[in-house]
Amino acid sequence: MNSSEPSPSTPVHVGQSRERVLILSLAILAGLFVVTAFLARQYHRSIHHLGDDWYAKGESSLKSRDAAAAIQDYRNALVYKPGDPTFEFHLAQALARSGRDELARSYFLTLLSASPGSGKLNLALARIAAQENSPASAVRYYHNAIYGVWEENPLSMRWQVRRELCQYLLDLGAVQEAQPDVIALAQEVSRSDYARQKITADLLLRAALWNRALDMYRSVLLADSRDHDALAGAGQAAFHLGRYGPARNYFDRLPRERREAPEIAGMAGLSSLIEEMNPLLPGLPASEQRKRADAILGVATARLENCAQQRGITLPGKPPLDPFQQIYSTGREMSRSWRRAADHASERAANAVSLAARMEEAASERCGAPQNRADQAVLLISQGSEGTSR
Amino acid sequence: MNLPDPSTSQPEKSRLAFVSRLLHQAHSAWQAWTRDIFVEREERLFLVLAIVIGAFSGLAVVCFHIAIDWIRILSLGSSLRPSFPRVILAPVIGGLAVALLTIYLFPRVRGSGVNQTKAAVYVWDGYIPFSTVIGKFVTCAVALGSGQSLGPEDPSLQMGAGIASKIGRTLHLSQRKLRLIAPVGAAAGLAAAFNAPISAVLFVIEEVIGTWSAGVLGAIILAAVSSVVTMRWFLGSAPLFRIPAVQAPRPVEFFAYAILGVVGGCVSLLFTKWVEYSRPKIQALPSWTRYVLPSAAGLAIGAIGIWMPQVMGVGYAIMDQALHGQFAWKLLLILALVKILTTGFSFLSGTPGGLFAPTLFIGAMLGGGIGAIEQHFVPGLNTSIGAFALVGMGTLFGGFLRVPITSVFMVIEVSGNYAAALPVMVSSLIAYLISRRYQSVPLFDILTRQDGLLLPSTEERREHVVILVEDAMRGNGAIVTRAAEPVADLVQRAAAREDAPLLLCVRPGEWRLLDREDLQRQVADPAGATTAGDIKSRGPLPILFPDEPIDEALRWVGDWLILPVVSRADLGRIEGVLSLSDILKVLHKAAKD
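Procedures and definitions
Residues numbered from 1 in each chain as written. Chains lettered and ligands numbered in written order. Predicted model: local features only at pLDDT ≥ 70, side-chain atom pairs only at ≥ 80, totals over all residues. Helix = DSSP H or I, 4+ residues; strand = E, 2+ residues; numbered from the N terminus. Buried ≥ 20, exposed ≤ 12 C-beta atoms within 10 Å, placed from the backbone. Contact = placed C-beta atoms within 7 Å. Rg over C-alpha atoms; globule rule 2.2 N^0.38 Å. Domains from an automatic or database assignment. pLDDT = per-residue confidence, 0-100. Core = buried A, V, L, I, M, F, W, Y, C linked by C-beta atoms within 7 Å. Axes fitted to C-alpha atoms, helices over the stretch in contact; angles between N-to-C directions. Parallel < 35°, antiparallel > 145°, perpendicular 65-115°, else oblique. Left-handed = near helix turned anticlockwise from the far one by under 90°. Nonpolar A, V, L, I, M, F, W, Y, C, P; charged D, E, K, R; others polar.

If you had to explain the overall build of chain B to someone new, which residues and values would you point to?
A count of helical and extended segments in chain B gives 24 helices and 6 strands. C-alpha extents for chain B along the principal axes are approximately 110 × 95 × 55 Å. Within chain B, the fraction of its 593 residues that count as buried is 52%. Across chain B, contacts joining residues at least 24 apart in sequence account for 77% of those joining residues at least 6 apart.

An account of the overall build of chain A is needed here, citing residue identities and associated values.
Looking only at helices and strands, chain A features 18 helices and 0 strands. Taking 2.2 N^0.38 as the reference for a compact globule, 390 residues should give roughly 21 Å; the C-alpha atoms of chain A span a radius of gyration of 38 Å, well beyond that estimate. On the principal axes, the C-alpha backbone points of chain A span a range of 150 × 50 × 35 Å. Looking at the 390 residues of chain A, the share that counts as buried comes to 38%.

Tell me about the domain arrangement of chain A, and name the residues and values.
We note that the domain assignment places domain 1 (47-224) and domain 2 (286-389) within chain A. Each of domain 1 of chain A and domain 2 of chain A was reduced to a C-alpha centroid, and the two centroids are 52 Å apart.

Which residues make up unusual backbone geometry, and what values go with them?
Residue and element names in this part refer to chain B. Look at His172: it is not a glycine, yet its phi comes out positive at around 55 degrees. Its place among the elements puts His172 in the loop between helix H6 (153-170) and helix H7 (175-194). Residue His172 is classed as partly exposed on the basis of its 18 C-beta neighbours within 10 Å. Even without glycine at this site, Asn195 takes up a positive phi of about 55 degrees.

Go over the domain arrangement of chain B with me, naming the residues and quoting the values.
Residue and element names in this part refer to chain B. Once the domains are mapped, chain B shows domain 1 (39-235), domain 2 (253-459) and domain 3 (469-592). Here the C-alpha centre of domain 2 lies 21 Å away from the C-alpha centre of domain 1. Residue-level contacts link 50 residues of domain 1 with 47 residues of domain 2. Sorting the residues of the side of domain 1 that touches domain 2 by element identifies helix H3 (84-105), helix H4 (113-122), helix H5 (130-145), H6 and helix H8 (197-209) as the ones contributing at least two each. When residues of the side of domain 1 that touches domain 2 are assigned to their parent elements, the largest contribution, 12 residues, is made by H3.

Got a sec to walk through the confidence of the model for chain B? Specific residues and values, please.
Here chain B averages 86 in pLDDT, and 96% of its residues register 70 or above. Reported confidence for the predicted complex is 0.76 by ipTM and 0.73 by pTM.

Break down the confidence of the model for chain A for me, with residues and values.
Taken over all residues, the pLDDT of chain A has a mean of 85, while the share at 70 or more is 92%. The low-confidence segment residues 1-9 of chain A (pLDDT under 50) makes 15 contacts with residues lying over four places distant or belonging to another chain.

Quick one: what's the story with the environment of Glu153 of chain B, residue by residue and with numbers?
Residues and elements named next belong to chain B. Structurally, Glu153 is set in helix H6. Glu153 sits 136 residues away from Thr289 along the chain, and the two C-alpha atoms are 27 Å apart. With residues up to four places along the chain from it excluded, the contact list for Glu153 reads Leu190, Ala193, Phe194, Gly354, Phe356 and Ala357.

For the nonpolar core, give the residues involved together with the corresponding values.
In terms of nonpolar packing, the biggest core is built from 145 residues, with Ile53, Val184, Ala187, Val204 and Ala224 of chain B touching the most fellow members. The biggest single contributor to this core is helix H2 (residues 42-76) of chain B, with 18 residues. Residue contributions to this core reach at least three from each of two domains, namely domain 1 (39-235) and domain 2 (253-459) of chain B. Beyond its immediate stretch of four places on either side in the chain, Ala187 of chain B contacts Ala200, Val201, Val204, Ile220, Ala223 and Ala224 of chain B. Core analysis: the second largest hydrophobic core is formed by 99 residues, Phe87, Leu111, Ala247 and Tyr328 of chain A among them.

Describe the packing of H3 of chain B against H5 of chain B, naming the residues involved and giving the relevant values.
All names here are of chain B. One way to put it is that H3 packs onto H5 with a least axis distance of 8 Å and a crossing angle of 165 degrees. As far as their axial angle goes, H5 and H3 are roughly antiparallel. When you trace H3 past H5, the crossing you get is left-handed. Along its contact with H3, which presents Gly94, Ala97, Val98, Leu101, Thr102 and Leu105, the element H5 presents Gly135, Val138, Thr139, Val142 and Ala143. Of the residues in the contact of H3 with H5, the class split is 7 nonpolar, 4 polar and no charged.

Here is the structure:
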């Protein structure tokens, strides 16, 4: 131990010695600063490389759908670049993909607190909320994402997010809630972007916005009149609008295999049947009108009789007490009156459609939805006539 | 200085003369300043040195940090989950290297840096050999880099202290300053390691020096700031942990933190008792075991690390994950428990390294785990797991290291959020009280006593009851007279209490002692004094106040039979009197208690 050795003799000597030592210390300090700066630079460089390497590994793991490996890789990357928002974002995405939604959300929320307007973070949170079946949060985050900040292709990204939101709502069956966003989506589609027009038309169709859907499909067909999806969609839209002629037209232009798809085939068949049965079609000769009126009344009466038999209701009832019996009596009365007097053909057709509709509805109430195509056609004809009269 | 060229013109000459005068004056001023700094005013030199020491310590900590990380990457690989052969081999080989280094090259690096710094202050006149600095750097970098479960803060503290000691000795500082310079360096080292200057200053004051000494406080602060600035220059200003947002707790949530305090106190106690019990037993093993103990600890840690690599090494990245709620409660509690084991293995094996980081690790895991359990049973508890982990860090710091003030400030400093202050105050205080209640000697004192030193315990000193003048004084121990009192009256009163000394109050604040014999003489003499003020007296007496420490009285009481204790509100009103026998009586009683 030599710390308590006597200091040099004179104060001046001590001062000079201290001055020299201090200056020497400062010189050593400066030298060490340079050395440390060099070391620190090398260190930071290697650390950054390691971070980037692990990040790249994480990306490739994620591409090969190995979310667990990707999580570990991203975590390793974050050791070398702690707090890097890109790494954290990808880690959170990997966590979400591996089903660890809670943890993923906590990462996303932390990132969101740093950049609350971020579109991609809100979208990620919306997807987690959607996965966790909390529609209110999902819709809120989707809307935040739509109105949020997107660094690349903001218009396109917003459109994509809105499309995802519409799909999510329609998948949930929330058609009414989806409609404003589907309409907004349609308004944001350029006239020349047929791919997006097709996507939007599909969503419009699912959102029961038939008119807009038909217009959009027509626009697509202007560019490519053989686009099968557009033809099918336009046919469906026209069918739902009660425009069975154009619907049949669109369906007829589809290739056979497409036309035979159950849904299309059903609609196409019904459209043809309606075209054949509808007494209210404009331009029909009076005799044809009368014939069709008789026919649809006959179809409806037969269904009523069938249903009454199933339910044990006697037809005709005397006196007709049951609503079933009353409608049946009215039908028979109407048929008798037609035989007695030669009435106006169009009036007969209208009355026949109206009564047939009542019969079908009464039968549907007791015996369920009609299975027979002809009955379905009668109902649709009556709905069409109601729509026309309105 | 160059002489002017004879060929130069007159204005040129005068300009040169002016410059020469200026340089001469500057030189004189420099000489005066350096004389002032280096010879006459050592306090100023001490402050300048504090900045230099801080810069050196900061650089040392930066290099230390880099060395640990590089060794870790080289030995364990860059993944958080090291591959199988590495996870076992690295700590075993690292342990062997550390054992050989400590036995053959750096025998003084074993043990706690805090205690060695304290020993330097109280025993070795501020002397810490510079080889200890190099030894700590090398051995701790190898140990921590190879996965031993210890921390870099305590070695950083000692490296700072060693650097300061070396600079102080080289500058031939006075012995008094040499003793104080080690804590200055210690604060610098710790501040840089923690990136938390306030906590470092408080820790050194709370644990190393033990008192708020004005003589060293300024230097400690300057050194801490200087080291942190240097460290941030190279490693960036990001805090040690990225703390998630902490909300101010609702009143009911304090109960949740109180429970954490109770658990933290019990865990601290358990850990301390284990170290206290096991360390002497391991030290008593044959000397050849010193070669294998660090490797054996490394083997145990490596074996655990196959399943739980999180407990290996310093663990800052894992703490960061816990603070961000990335572990389930079961894993958090298991990690806390396993970290206690691994830290115990490393520390008890004699591997150099600190206990700060493991304490924070255990606290974070324990806090997060307890918080998650409480959230499970109390659904309305909105506090995040991260907040519990943060408070847990402070709790263990308070309970295990027994530094309650530092723990609170450390949490504030690393979180940058005052909302965490109240919970950590509650939790840390409870842990501290539990630990103190069932473990009278704090950890650092246990270690020094086991090493055969009896350093002053800062906790005992902190809790030492100061004996005041009012504890020793006698309320009615003297006859007090005023200058105007007739002698006859005074004589009468003096006769009633023959043993009581006579105190004369000349005016408020001026008290004198009367001699009974003089008083008798005045009575016997017909031409004698008529009032007390006329009697010959001794004084003025030093006056004392009731709230002053007894040490103050000891400075004067030897010269006087008795000292007056007066009221601070009225210097003419006596509260009591104090004699040497009164002081001795109360000191004797305190010693017996």
